[in-house]
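Structure assessment
Listed below are the residues making up each chain.
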Amino acid sequence: MPLCESESIVLKSYNLAEADRIVVFFTREFGMIRGVAKGSRRTKSKFGSALEPFSEVSLEYFEKDDRELVSIQNADLIRSAFSTAAKPERLATYAYVAELLIAFAPPHDPNETLYRMVRACLDADIHKPAESAALRLYFEIWILRLGGVLPDWTNCGVCKRTFRDPESASLGAGFDLICGDCSRSPGKEMIAPLHRHLLFATKKLAPADYIAEAVDQAAAVSELSSLMRRQISVVVGRSIEHHQFVSTFDS
Ligand SMILES: [Zn+2]
């Protein structure tokens, strides 16, 4: 029963019995981990506020071969979520990011790129609903890309021709894009150059820069986001909703 240690982001927690919690962590070294934090609901718990969702902690836990839940020994606060997650707008957005992450990241499968991206998303300054919407879109696109299920929107899905800059295209059945020459059924959903641009820009920009660029394109962000959510629900088999207001702890 070796002691595992890793920088971790607290994603979510559930009350368990009278004094304990089950906490879901995204760890840098080991990927998604679920564990029991004994006594963490007591007022004088050794964990203090380290298990608040979206805190970053230095986590220590024991893994047991036959159990899905690890045993959390220690969590030292690296960065408190208090100042960033205190605003309902941010909290709701982070909770949504956490849900996507839980749905996509397999347990015990480390992903350094994804860890850094989640951190960068939590760092991004969001105040307005339009900024929150841009950050949600950014993460939706990235989680699909990292999952290997983001369609390639550089080429027509049928003739493979590369799209020209100002060209609109229609949406294919597999969320691919079909050029005007190949599309035989009019009335399909149209994807504008701006939508393509918003999708490609996630690859080049950090979350904060993406938000700055997308914040004035609210309509296109909302359209593209609804399309990404449709694809997410196809991949995970259920829809994942962004709720406007959430409480810090599920009880
Ligand atoms: Zn074509």
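In this text, all values refer to a predicted model and were calculated from it rather than measured experimentally.

In space, the three strands of this open sheet follow the order 7-6-8, with antiparallel pairing throughout. Strand pairing shows two members of the sheet lacking a second neighbour, strand 7 (177-178) and strand 8 (190-191), which therefore form its edges. Pairing analysis gives two bridges linking strand 6 (residues 169-171) to strand 8, with the strands arranged antiparallel. In the strand pairing of strand 8, Ala 169 is matched with Ile 191.

Right, let's talk about the sheet that holds strand 3 (residues 31-37) for a bit. Pairing is mixed in the closed barrel, where five strands are placed in the order 1-2-3-5-4. With strand direction ignored, the average angle separating the axes of adjacent strands in the sheet is 50 degrees. Pairing geometry for strand 2 (residues 20-27) and strand 3, over seven bridges, is antiparallel. Across the sheet, residue Val 23 finds its bridge partner in strand 3, namely Gly 35. Together, strand 1 (3-16), strand 2 and strand 3 form the strand contacts of helix 2 (residues 88-104), whose direction differs from that of strand 1 by roughly 115 degrees.

So, on to helix 5 (residues 193-204). Compared with the 16 Å implied by 1.5 Å per residue over twelve residues, the 17 Å span of helix 5 between its first and last C-alpha is a close match. Within helix 5 the residues assigned to the buried category are His 195, Leu 198, Leu 199 and Thr 202. With its buried residues spanning 95 degrees around the axis, helix 5 presents them on a single face. Exposed residues pointing more than 90 degrees away from the buried face of helix 5 are listed as Lys 203 and Lys 204. At its buried positions, helix 5 is contacted by helix 4 (129-146), strand 8, helix 6 (207-214) and helix 7 (218-236).

Now for the packing of helix 5 against helix 7. Contact pair helix 5 / helix 7: the axes reach a minimum separation of 10 Å and the direction vectors enclose 75 degrees. For the element pair helix 5 / helix 7, the angle class is roughly perpendicular. Facing Leu 194, His 195, Leu 198 and Leu 199 of helix 5, the residues of helix 7 in contact are Ala 220, Val 221, Glu 223 and Leu 224. The class makeup of the residues in the contact of helix 5 with helix 7 is six nonpolar, one polar and one charged.

Attention shifts here to the domain arrangement of the chain. Here the chain is described as being made up of domain 1 (1-81) and domain 2 (87-244). The straight-line distance from the C-alpha centre of domain 1 to that of domain 2 is 30 Å. Across the boundary between the two partners, domain 1 contributes twelve residues, which contact 16 residues of domain 2. Elements with a minimum of two residues in the side of domain 1 that touches domain 2: strand 1, strand 2 and strand 3. With three residues, strand 1 is the largest single contributor of residues to the side of domain 1 that touches domain 2.

Cut-offs used in this document
Residues numbered from 1 in each chain as written. Predicted model: local features only at pLDDT ≥ 70, side-chain atom pairs only at ≥ 80, totals over all residues. Pairing = 2+ DSSP bridges. Helix = DSSP H or I, 4+ residues; strand = E, 2+ residues; numbered from the N terminus. Axes fitted to C-alpha atoms, helices over the stretch in contact; angles between N-to-C directions. Contact = placed C-beta atoms within 7 Å. Expected span 1.5 Å × (residues − 1). Buried ≥ 20, exposed ≤ 12 C-beta atoms within 10 Å, placed from the backbone. Arc of directions from axis to C-beta. Parallel < 35°, antiparallel > 145°, perpendicular 65-115°, else oblique. Nonpolar A, V, L, I, M, F, W, Y, C, P; charged D, E, K, R; others polar. Domains from an automatic or database assignment.

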